[in-house]
Structure formats: structure tokens, C-alpha cells
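Now for the letters of each chain:
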Amino acid sequence: MDKVEVLTRMLKSDNTSTILGGQSPGSVINSRKYVPVTAGARGDDQRSLDDAIRAALCGETRAAVVVGSEGSGKTTALRKLVADWAKGECLQNFSYVFNFQFREFGSSADELSLETLIHQGHHQTPPDFTRLVTEKPDGVLFVFDGLDEYKHSLDPSVHSLTSDLTRPASGSSLLASLLHGSLLKGAAFLVATRPTDNVRFLRGARVEVLGFRKPQREAYFNNFFTDSVAANRAFLHMERTLGFYEFCASPRFCWTVCSVYKWLLDSDAKLPETLSQLFADTLVHLIQTLSLNKACSRGLVLALGRVASHCLRGQHPSCPKHAVDAFGLQQFPTSVDSFLREHGEEELSFRSHLMREFVLAVAFFLDASAYEDAEKTLNDHKAGAKMLDLFMSGLSEPAQYRSLEDLLGTFSSGQIKAFKSWFRGRSEKALKDYNRSEHYRCFHLLHQAQNESLVKEILTPPAHPSIFHENLSLQDCAALNFVITCLGEREKLSVSRTTISRETMEILAPSVSLSHTVILSHCCIHKEALPLLASAVSTGVARDLDLSHSSIGDEKLQILCAGLRESKLHSLNLSVCGLTAACCGDLVSVLTSETSQLRNLQMMFNEIGDRGFTKLCEAMHSPNCRLQELQVRDCDLTAASMEAFAGGLGSGETQLRKVDFEGNVIGDSGVQALCKALQQPLCKLRSLRLFDSGLTGACCSDLKEVVMSEHCTLSELELSLNELGQEGALLLCQGLKRPSCPIETLGLTRCGLTPAVFEELASVLKNGTCRIKSLHLAINKVGDQGVKPLWDAVAHPSCLLEELNVEMTKLTDACVEDLCAALRANNTLRFLELRNNSLTDAAVPAIVQVMKEKHNMEELNLKYNNFSEDVFEMLEECHNIRY
């Protein structure tokens, strides 16, 4: 086979480069500025398309099916591969490589043999070619491009497959026989296509074309522009304004952008800020190039709009040539090629699917008589259009349509007014609902319009609370960021379940800087994004940063902490972030920096252990540490680290006021260490939460000493889910009787309490000096008689209780009289929890009556009692009863 002739054919520019159609494959290869596109899964397993194809052809199946979107570089990659084979640079295990377009197999009704087809399309084959390839089929590679343009099915069941190279058959049968291994079995094949149903009938490795990643785009721009400064400016501008769109991975789209940017830069014009502006500039450039007068230019665009409408209404990728003429394009025979290309023998399609939608949007504003209102136009074309509403939004703004008016004539003011009316109405409705996709579409439309006053008009404060920010794409982030920067400084930015890459954070950084509270919970945060996040937080107004459930890990936290040392953060939430003891030194550096303002650190559900917590406690000895609240729930702590914590409490430097040890097995010995510190005059701790901390009644003598101490500052003591028992709880009650005891909130849920403890607690509540306002005694099954002293206490004038929880204490209807009497006598109680008891319908009338009388009661919770539906209507009479 004559490789020189093959190489010549591959390097031949068989079509000219156009702004919308991209650079011709031959021109790309000849320029020696070929940039390989990326292929593979959309994760980490990515490599160049060239390498992926070669690997597939050397595999067991010796077949590859390359699937990629419009303009993703498939054809150029295939031509380059064949050219490199002809040069002797790759795939030299193949003696013959034949390159075909799929449309060649469907263009004729004549029957022909594979031998004849090869001789027609690939000249210079040896006389004994048939014998050679039959004897050694594994030395043959068939390359087929454009399966999506093929009109026939590749389902083998619908074809009469042939195995004879010399036997004439239809083109479709020849092709099916080749691809299914009936004809020239053992030959390798490579197929390239846009997504199409026919792919399912093909064997071989699937290779997904991802196009250009960011480094490849940069290389492409550097190749396109001769001036490196212009190349860098153009590249950075595209990345900022367009880089979040998936189609920026398309080499063809990059060619369009480069061509338009070069024209604008050469003219000292402003580069476009949005996709709508880009296509407005592109259309202006194309029309100026065609040198048509205003009337002809308007007629051309209106005719193109009719073709676009035909394609989009019926989801047709192309339009028959006779229909194209009927739509009015026969008047512009030399202009059509700039916008349309041949699609098979009898059809034409748009070179760019984006331009197809853009010219329809322009036509909508040019001709009110041809298009009805915006909603109907969008509904009529919604089957095929993805960007039409975005382009219409951009074109409704004078700043974006004026340049087109200069060439095409006036846009219809009625159409513009109608579109804006539709947009305002749709946005108002969308933002009232909890439909995330509708919220984002509203943001995208605002982004294209680039009208700050319109943003403020539509996104009024009442709309903000219902707006979701989760599962954001890069495009969503760009639209969200535009909206937030228009609205200015805000209370909260909450983004969840989103991949926060470097590109994501580059886009969102301005929004982060404008937000007082930044929530990035349940996100996958990339390492490269963290310096940008820290910078945005530190230079902006952020006071609270929530990264909970984001699996940051120690390594990423180290990077974050390095950037947060100069921040003004007051609160940092790192709950469920996969942290260990290794991160605690980095946190100490943030807490003890001279500019630290961190007051609240949440570390729940991280296995930092005693070693990590001991390290963290070092910060409490620093005069720079302003920490006031520390949450270390379920952090794998034991008594071993309590000495270090106690040392920090008594250091005189710490400002810590609240600590939550819930779910850590601190035990009685750990509490003993804490209690020594709590009795020191330098300790100012106000809240100690020891919920489910492995305590027994043995610790209560130490706790009694604390609450009896004149230096005790505790106002909250949470001891729930610990087996304190009667003896321990009674000891605690002795301490609570101290006249100046500061305890206001006491938690004793499921502590094994007895009626005797309830009686003693009632005595405490009535003693005239007790400050307890919130008392939790749930899941202590003492029954009606056990709780009765509490009702007496609630009725006592000295009782200050505002919240009482006696859920699941085995109450029955027998308690109702005492309960109602207590509620009538009390003027301070606001919340009463009676869930999961055994009250019945008989109790309801009395309870409802007293609740109607007591305006101080904000909520009585009666859920999960033994009520029937018969009393639901009566219970409904009281808005403050939950049942």
C-alpha cells in the first residue's frame, strides 16, 4: 500500500476553515500545532484520545468506538492517526489502513464488493491485494468516521451478512458484514461518532472523548495567537467568562472563540462577558464578512431563523435542501456556507448548534409577526432547544442587541417587552416554589442579561430563604456568583453536595467574600481549592465557616489552616470531616495566632483521640486564644486527656465558656479531674455537657462539690444517658440546694432516677433560691406518683421553670388533675414535653381547657400518647398543642 499517497490524502485540506465550522483537519495537521484532546471517564482515569485509541486497537478486541459531541476533535484525531501510520510513527503492526466516511456506504443504491470499494477509495493497492488481506486480515485496519450521519441500522439481524470480498452487496450489508466480523474476520476497526443509537450494535472498547481540559485549551490559544500577551489575555478571559460551560472542551468552539477574540482585539473592542454577547459578536463578524446591506442581512438572519425553528421543533439535526430554499435561503447562495454545512447528499445542518439557537432568538426579536409570545415560542421549541431562553434573555438587553441592530435593523420593542414580562412572571413563580432547577434557570437568565437592577428587582429578600444551592455545576456557580455580586453583602451563602474544585472556587470566591456565613457542607472539596477558599474568607466579611460532612482530612485541613491564620472567623465547623490527631497542631496555630478571633470550634465525630485533644488544649494556655465554645462530641476521648483540659481551664488565659463532651467515654475518673478545675476561681466555664459519657453515681460526689463551690460558674449541666442512679442523683440534689447555685439548665434524661429523686428535685425547685429554668427528666419511668411532686413544685410561686421534659415517664390520665392545677398556678412555664406517655382521650378536654387559659404556654407536646382520631378536632382548637 502506498503510504505516501495515504499521507497526501490525510494532509489534504478537503474543506476550508470557517469561524463556526472550525479549522479543517488537514490544516490542523499541516500546521504542526495539533493539540491532542482528552479521552476517558469523567474522573481520574483520563489520557489523550490518541493513546486511548492505540491502546484499544492493541487489545483483545482490536476495535475501538470513539464517541464524542459535535466539534470534540474526533475527525482530526482519526486523520492524524492515519497520517502518523503513513509516516511510520505508530500502528506499524498494520500493513493496510483504510479510511472511510460512513456516508460513502449509504450514498448509492448500486451493489459492489468490498474489493471494488477499496480500489475505488484507496488507489495504489498491489495486484494480489485480495489474497494478501485474506491470508493476513489481522494486518488490516478500517477507520470509519461519522456513524451518526449513517441512515441505516447496524443491527446484524436485519442484514444478509457476507463473507466474500469479491461478492457484490449493498453498502449497508458490506458495512454490517465488516463490523460484525463476517467479512474479513480478524481485521481491526476504528469507528468515530457523535452519540447515536447505532453504537449499541458495535463491539470493541468504548472511548469517550472529553475534548480539551484547561491545560489543552491554554496550549490551543498559545498556538492560535502569534502574540503571547494576546494569547494569555484571550485565554484568561475565556476561562473567566465561558470556561464553566461543557462545550468549552470542544476544539471547534475554541476555534470560534479564538477567531472572534482576535477580531475584537485587533479592533480594540471589548471582549464579551457572556455567551450571548459572544454569539452577538460572532454574528456581527460573519455578517460584516459577507458584505451584505442591512435589508439582505436581516433577510438572511430571518431565513436562518426559520431553518433553525424547523430543526428545533422536530428535533431534526438537519434540514432538506428543498426546505432550506423554501425558507428563503435561495436568495443567499454565497452566504449560506458560513452557517450551514452539507449533511449527507440532500440535507444541510448548522455548523454550530449554539448558533442555530442564537439566530432563532435574534429572529424572535426581529419579526414579531412570525413568532408569538415568548412562552409559546419556547414551548414550541423546547424539544430541541437548550439555550434559547438564555439567548433571548441576553438579547432583551440594549447593551447586547445594539451592535446587531446596526446591521440588521430595529429589534421589536413589543417582543422585548413581552419577553421581560414573561421572565418576571416566571421568576416570581419559580422562586416561590422549592424547585431547584427552576431557581438555577432563573439565575442563568439573569446572568445572560447582565442587568444588576433586574437582579435586585426579581430577587427581593422574601425570595431568598427558599432558594436551594446544592449539586451545583460550574455553570450554576457562575450564575449564582453573578446574582450574589449584584445583590452585595449577604448574611449567608450555603452550598451543599457540590464538588468544590479549584475552578469552582475561582468562580465562587467573590460570593464567599461577600457572605457573613459560608456553608460548604456535604461537599467534595479539592485540595487545590482550599487556598482560594481561605483567601476569600480572610479578605471578605465571613465570620462563620461550616465545612461539616465534607471529608477534608488532615492534609487538606493543614492547607486550609495555613490560609486562615489571618482570618476574622468567629466560628469554624469541622464536624464529620475525617480528621485525626494529626490535624490538631494546625488548629492550635490558627487558635493562637495574634489575629485570631475564633470563638466557636466544632469538631464533632472526628477521631482525634486523647493525643489530638491534649494537643488542642495547648491553645487554652495562650493569651491569643479567644475560644469560647468547643464541641468535641464523639471524638474518641477518654479520661486520659481530661487532665490536660482541666489544666487549660484553670490556666487563667482561656475564655472557654462552653464544652460538649457528648458520646466520649470520659468516665468517673475523667469527671473527677474536671471537677477540680471547675472549683478554681480562674475557671469561667458556664456549660458542661457530659451526655452519654460513661458516668455512674460515683462521680456525683465530685459534681456536688462543684455546684456547692462559691467559684462555680456553671449555668448548664447536662448529664443525660448516664447511670447516676438514686444515690448519685440525691447527692447532686444536695449541691443544687446551695442558695447561690448558678445552675439554670439541668439534663437528667435516662439516668435511672427514682420517685425519691423526683421528690428531692421538687424540693429544690421550691426552695426560693433555685435558678433552674430548664429541667429534662425524660425516660425515667417513675409513673404518676413519682412525677406528682414535680406538679406541686410547678404550682409553687418560687418555681422559675420555663421548660420541663417528662417524656416517657409512664404518665397516665391519673396525673391530669395535678397537671392542670400546676399549669393554672404557674406563670413562667413555656414548654412542656409529655410525649410517649399513656394519656388517653379522657385527658383531652381538661388539658385543652387549661391550655386555652394559659397564654404563657408556647408549646405542649402530646405526641405518641394513646389518643384516637375522635379528639383530634378538639386538640386542633389549641395552636400550641402538638399531638
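Residues numbered from 1 in each chain as written. Predicted model: local features only at pLDDT ≥ 70, side-chain atom pairs only at ≥ 80, totals over all residues. Heavy atoms only, no water.

### Section: the overall build of the chain
To keep it simple, the criterion reads: Only DSSP runs of H or I covering at least 4 residues are called helices, and only runs of E covering at least 2 are called strands; the numbering of each starts at the N terminus. Note on classification: 1.4 Å probe, protein chains only; a residue is buried when its accessible area is under 20% of the maximum for its type, exposed when over 50%, partly exposed between these limits. Residues count as neighbours in contact if any of their non-hydrogen atoms are within 4.5 Å of one another. Exposure was quantified through the Shrake-Rupley algorithm and a 1.4 Å probe, taking into account, for residues, occlusion by the shown protein chains and nothing else.
Assigned secondary structure in the chain consists of 35 helices and 27 strands. With the principal axes as the frame, the chain shows a C-alpha extent of 110 × 65 × 60 Å. For the chain, the residues scored as buried account for 55% of the 883 residues in total. A separation threshold of at least 6 residues defines the contact pool for the chain, and within that pool the share at least 24 residues apart is 80%. About 36,300 Å² of surface is accessible on the chain, with carbon and sulfur atoms providing 48% of the total.

### Thoughts on the sheet that holds strand S1 (residues 38–40)
Using the following cut-off: A pair of strands is considered paired only if DSSP assigns at least 2 bridges between the two. Axes, fitted as lines to C-alpha atoms, cover a helix only where it is in contact. Angles between the N-to-C directions of the axes lie from 0 to 180 degrees.
Spatial ordering of the open sheet is given by S2-S1-S7-S3-S6-S5-S4, a layout of 7 strands whose pairing is mixed. The sheet terminates laterally at strand S2 (46–48) and strand S4 (96–101), the two strands that pair on one side only. The average angle at which neighbouring strand axes cross in this sheet is 25°, direction not considered. Where strand S5 (residues 140–145) and strand S6 (residues 188–193) come together, 5 bridges link them in parallel fashion. Bridged to Asp145 within S6 is Ala192. Its contacts with the sheet put helix H3 (residues 49–57) on S1, S2, strand S3 (63–67), S5, S6 and strand S7 (205–211), and the angle it makes with S2 is roughly 95°.

### Examining the domain arrangement of the chain
Which entries qualify depends on this criterion: The source of the domain bounds is an automatic or database domain assignment. A quick way to say it: buried area is the sum, across both parts, of accessible area lost when two parts are put together, with a 1.4 Å probe. Here, a salt bridge means any side-chain nitrogen of Lys or Arg that lies within 4 Å of a carboxyl oxygen of Asp or Glu. Any pair of nitrogen or oxygen atoms within 3.5 Å is treated as a polar contact; in protein, a donor-acceptor pairing is required on top of that, and neighbouring residues in sequence qualify only through side-chain atoms on both sides. Residue polarity is assigned by list, with Asp, Glu, Lys and Arg as charged and Ala, Val, Leu, Ile, Met, Phe, Trp, Tyr, Cys and Pro as nonpolar; anything else, Gly included, falls into the polar class.
In terms of domain boundaries, the chain breaks down into domain 1 (3–211), domain 2 (215–271) and domain 3 (274–459). Summing both sides of the interface, domain 1 and domain 2 together bury roughly 1,300 Å²; the carbon and sulfur share of this comes to 54%. Looking only at domain 1, the three residues that lose the most surface to domain 2 are Ile19, Val35 and Gly71, adding up to 36% of its buried area. Remark: the boundary between domain 1 and domain 2 carries 0 salt bridges. Summed over the shared surface of domain 1 and domain 2, the result is 8 residue pairs in polar contact (both at pLDDT 80 or more). Of the residues that constitute the side of domain 1 that touches domain 2, the class distribution is 6 nonpolar, 10 polar and 3 charged.

### Structural notes on the pairing of S4
Within S4, 5 of the 6 residues are buried, leaving the element largely enclosed by the surrounding structure. Inspection of the sheet shows S4 paired to S5 by 6 bridges, in the parallel sense. Note that in S5 the partner of Phe100 across the bridge is Phe144.

### Quick word on the sheet that holds strand S8 (residues 319–320)
Spatially, 3 strands are ordered S8-S10-S9 in an open sheet, and the strand pairing comes out antiparallel. For this open sheet the edge positions go to S8 and strand S9 (340–342), each flanked by a neighbour on one side alone. In the sheet, S9 pairs with strand S10 (residues 347–350) via 3 bridges, with the strands oriented antiparallel. What sits directly across from Leu340, in S10, is Phe350.

### A closer look at the pattern of salt bridges
Following the criterion strictly, the structure yields 44 salt bridges and no others. One salt bridge connects Asp380 with Lys376, and the closest N-O pair in it is separated by 2.9 Å. Pair noted here: Asp380 and Lys376 are both in helix H15 (residues 374–381), with a separation of 4 residues, about one helical turn. With relative accessibility at 33%, the residue Lys376 sits in the partly exposed group.

### Thoughts on the packing of helix H19 (residues 436–449) against helix H21 (residues 474–487)
For clarity, the cut-off: Orientation categories follow fixed angle ranges, with anything under 35 degrees roughly parallel, anything over 145 roughly antiparallel, 65 to 115 roughly perpendicular, and all other angles oblique. Helix crossings fall into two classes, left-handed where the near helix is turned counterclockwise from the far one by less than a right angle and right-handed where it is turned clockwise.
For the pair H19 and H21, the least separation of the axes is 8 Å and the interaxial angle reads 65°. For the element pair H19 / H21, the angle class is roughly perpendicular. In terms of crossing hand, the pair formed by H19 and H21 is left-handed. Residues Tyr440, Phe443, His444, Leu446 and His447 of H19 form the contact with H21, whose own contacting residues are Gln475, Asp476, Ala478, Ala479, Leu480, Phe482 and Val483. Of the residues contributing to the contact of H19 with H21, the split by class is 8 nonpolar, 3 polar and 1 charged.

### Here's the deal with empty space enclosed by the protein
Empty space among the atoms becomes visible once a probe the size of a water molecule is rolled across them. Selection rule: Lining residues are those with an atom within 4 Å of a point, where the points come from a 1 Å grid over the protein atoms alone and group into cavities, where a 1.4 Å probe fits but cannot get out, or pockets, open sets with protein on both sides within 12 Å along at least five of seven lines. Grid points are joined across faces, edges and corners, and a volume is the space filled by probe spheres set on the points.
For the structure on display, the rule yields 4 cavities of 30 Å³ or more. Approximately 60 Å³ is the volume found for the largest cavity. Contributing to the lining of the largest cavity are Leu564, Arg565, Ser567, Leu569, Val590, Ser593, Ser596, Gln597 and Leu598. The residue makeup of the lining of the largest cavity, split by class, is 4 nonpolar, 4 polar and 1 charged.

### Some points on the side chain of Ser596
Along the chain, Ser596 turns up in the loop between helix H25 (584–591) and strand S17 (600–602). Residue Ser596 is classed as buried on the basis of its relative accessible area of 3%. From its side chain, Ser596 meets the backbone oxygen of Leu591 in a polar contact 3.3 Å long. Engagement of the side chain of Ser596 in a polar contact is seen with the backbone nitrogen of Leu598, the distance being 3.4 Å. Setting aside its immediate chain neighbours within four residues, Ser596 contacts Val590, Leu591, Asn624 and Arg626.

### Considering unusual backbone geometry
Of note, the phi angle at Asp636 is positive, near 65°, even though the residue is not glycine. Relative to the helices and strands, Asp636 is located in the loop between strand S18 (629–631) and helix H27 (642–649). The exposure class of Asp636 is exposed, given its relative accessible area of 52%.

### Overview of the nonpolar core
How we decide: As used in this record, nonpolar core signifies buried Ala, Val, Leu, Ile, Met, Phe, Trp, Tyr and Cys residues forming a set joined through side-chain atoms within 4.5 Å.
Core analysis: the biggest nonpolar cluster contains 272 residues, and Phe253, Leu574, Phe613, Phe661, Trp791, Leu832 and Ile847 have the highest contact counts within it. It is helix H14 (residues 353–366) that contributes the most residues to this core, 11 residues altogether. Filtering out sequence-adjacent residues up to four positions away, Ile847 remains in contact with Val816, Leu819, Cys820, Leu839, Leu860, Leu862 and Ile881.

### Some remarks on the packing of H14 against helix H16 (residues 388–395)
Interhelical geometry of H14 versus H16 gives an angle of 50° and a closest axis separation of 9 Å. The pairing of H14 with H16 is recorded here as oblique in orientation. In this structure, H14 meets H16 at a crossing whose hand is right-handed. Counted together, Leu354, Glu357, Phe358, Leu360, Ala361, Val362, Phe364 and Phe365 of H14 and Leu388, Phe391, Met392 and Leu395 of H16 form the full contact between these two elements.

### Description of the pairing of S10
Summarising the sheet, S8 and S10 pair through 2 bridges and their orientation is antiparallel. Bridge pairing links Pro320 to Glu347 in S10.

### Some thoughts on the packing of aromatic side chains
Going by this rule: Any two of the Phe, Tyr and Trp rings considered here, Trp counted by its six-membered ring, make a pair once their centres fall within 6.5 Å; the pair's planes then place it as stacked at under 30 degrees, edge-to-face at over 60, or tilted in between. A ring has a charge above it when a Lys NZ or an Arg CZ is no more than 6 Å from the ring centre and no more than 35 degrees off the ring normal.
One pass over the structure, following the stated rule, counts 29 aromatic pairs. Judged by centre distance (5.9 Å) and plane angle (20°), the ring pair of Phe100 and Phe144 falls under stacked. Here the residue Phe100 occupies a position in strand S4, and Phe144 occupies one in strand S5, the gap between them amounting to 44 residues. Overall, Phe100 belongs to the buried group, its relative accessible area being 1%. Considering the side-chain rings of Phe419 and Trp422, the 5.4 Å spacing of their centres and the 45° angle between planes classify their relative orientation as tilted. With Phe419 and Trp422 both in helix H18 (residues 413–432) and 3 residues apart, this pair spans about one turn of that helix. A single burial state applies to Phe419 and to Trp422, both of which are buried. Here the aromatic cluster, defined as three or more aromatic residues joined through ring pairs, consists of Phe364, Phe365, Tyr371, Tyr401, Phe411, Phe419, Trp422 and Phe423. Between Lys3 and the ring centre of Trp85, over which it is positioned, the NZ or CZ distance is 4.6 Å.

### Regarding the UniProt feature "coiled-coil region" (unreviewed entry) in the chain
Which entries qualify depends on this criterion: UniProt positions are given in the numbering used here, feature names are shortened, and annotations may be inferred rather than shown by experiment.
In this structure's numbering, the residues bearing the UniProt feature "coiled-coil region" (unreviewed entry) are residues 850–877. Between the end C-alpha atoms of residues 850–877 there is a gap of 12 Å, over a span that is 32% helix and 11% strand.

### Points about helix H32 (residues 783–795)
Threshold: Residue count minus one, scaled by 1.5 Å, sets the expected span of a helix. Here the bend at a residue means the angle between the axes of two seven-residue stretches, the one that ends at it and the one that starts at it.
The first and last C-alpha atoms of H32 sit 19 Å apart over 13 residues, in line with the 18 Å expected at 1.5 Å per residue. In H32, a bend of some 25° at Pro789 exceeds every other bend along the element. Those residues of H32 that sit buried are Gly783, Asp784, Gly786, Val787, Pro789, Leu790, Trp791, Ala793 and Val794. In this fold, the buried residues of H32 make contact with helix H31 (755–765), strand S23 (774–776), strand S24 (803–805), helix H33 (816–825) and strand S25 (831–833).

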